[in-house]
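The chain contents come next:
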Amino acid sequence: LRKLRKQISDAEEVPSFMVFHNSSLIEMSYYYPIAKENFIKINGVGLKRLLLYGGNFIKIINKYVEDNKINPRLVPNKKTKQIKSRRYPKTCKVSL
């Protein structure tokens, strides 16, 4: 995965982390997402990265899974960020 990321980053002349962060590669190597539906659940993978790089990464993961007879794990759904409530009310609602 790191070799593929390096090849892509060299071809696009961008830093490696702009393709995928190390944490995303670690998740890929833990869950082995072999379908787009699972790949997009990896942290750091959005629709843009799925479309740009997903096919190549899924192909390599599929080959590794088949060669080593590995059962892929289910990728949990991404955690959604909770919007923090304001500590103070909006000033326009405060009456003096």
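Described below are features of the structure shown in this document. (Residues numbered from 1 in each chain as written. Predicted model: local features only at pLDDT ≥ 70, side-chain atom pairs only at ≥ 80, totals over all residues. Heavy atoms only, no water.)

### Describing the overall build of the protein chain
In terms of helices and strands, the protein chain carries 4 helices and 0 strands. Sequence-ordered secondary structure for the protein chain, helices as α and strands as β, is α-α-α-α. When contacts within the protein chain are restricted to residue pairs at least 6 apart in sequence, long-range pairs at least 24 apart make up 60% of them. Of the roughly 7,900 Å² of accessible surface on the protein chain, 54% is carried by carbon and sulfur atoms. (Helix = DSSP H or I, 4+ residues; strand = E, 2+ residues; numbered from the N terminus. Contact = heavy atoms within 4.5 Å. Areas by Shrake-Rupley, 256 points an atom, 1.4 Å probe, with all protein chains shown as cover.)

### Considerations on helix 2 (residues 22-31)
Because each turn of an α-helix spans 3.6 residues, side chains separated by three or four positions in sequence point in the same direction. Along helix 2, the positions that sit buried rather than exposed are Ser24, Leu25, Glu27, Met28 and Tyr31. Relative to the axis of helix 2, the buried residues are bounded by an arc of 160° and lie together on one face. As for helix 2, its buried residues are in contact with helix 1 (2-12), helix 3 (36-39) and helix 4 (47-68). Two residues or fewer after helix 2 comes Tyr32, characterised by a positive phi angle close to 55°. (Buried < 20%, exposed > 50% of the residue type's maximum accessible area, 1.4 Å probe, protein only. Arc of directions from axis to C-beta.)

### Overview of unusual backbone geometry
Of note in the backbone geometry, Tyr32 takes a positive phi value of approximately 55° without being a glycine. Relative to the assigned elements, Tyr32 resides in the loop between helix 2 and helix 3. One non-glycine residue, Lys69, adopts positive backbone phi at about 50°. Positionally, Lys69 belongs in the segment after helix 4.

### Here's the deal with helix 4
At Tyr53, helix 4 is bent by approximately 65°, the largest bend along its length. Among the residues of helix 4, those classed as buried are Leu50, Tyr53, Gly54, Phe57, Ile58, Ile61 and Val65. (Bend = angle between axes of the 7 residues up to and from the residue.)

### Regarding the packing of aromatic side chains
Pairs of aromatic rings are described using the distance from one ring centre to the other and the angle between the two planes. Inspection of the entire model under this criterion finds 5 aromatic pairs. Ring centres of Phe20 and Phe39 lie 6.0 Å apart, and the angle between their planes is 80°; this geometry places the pair in the edge-to-face category. Taken together, the residues span a long stretch of sequence, with Phe20 in the loop between helix 1 and helix 2 and Phe39 in helix 3 at a distance of 19 residues. Overall, the relative accessible area of 0% leaves Phe20 in the buried class. Each ring, one from Tyr30 and one from Tyr31, has its centre 4.8 Å from the other, and the planes form 85°; the classification is edge-to-face. (Phe/Tyr/Trp six-rings, centres within 6.5 Å; stacked < 30°, edge-to-face > 60°.)

By themselves, these observations are geometric and do not establish any function.
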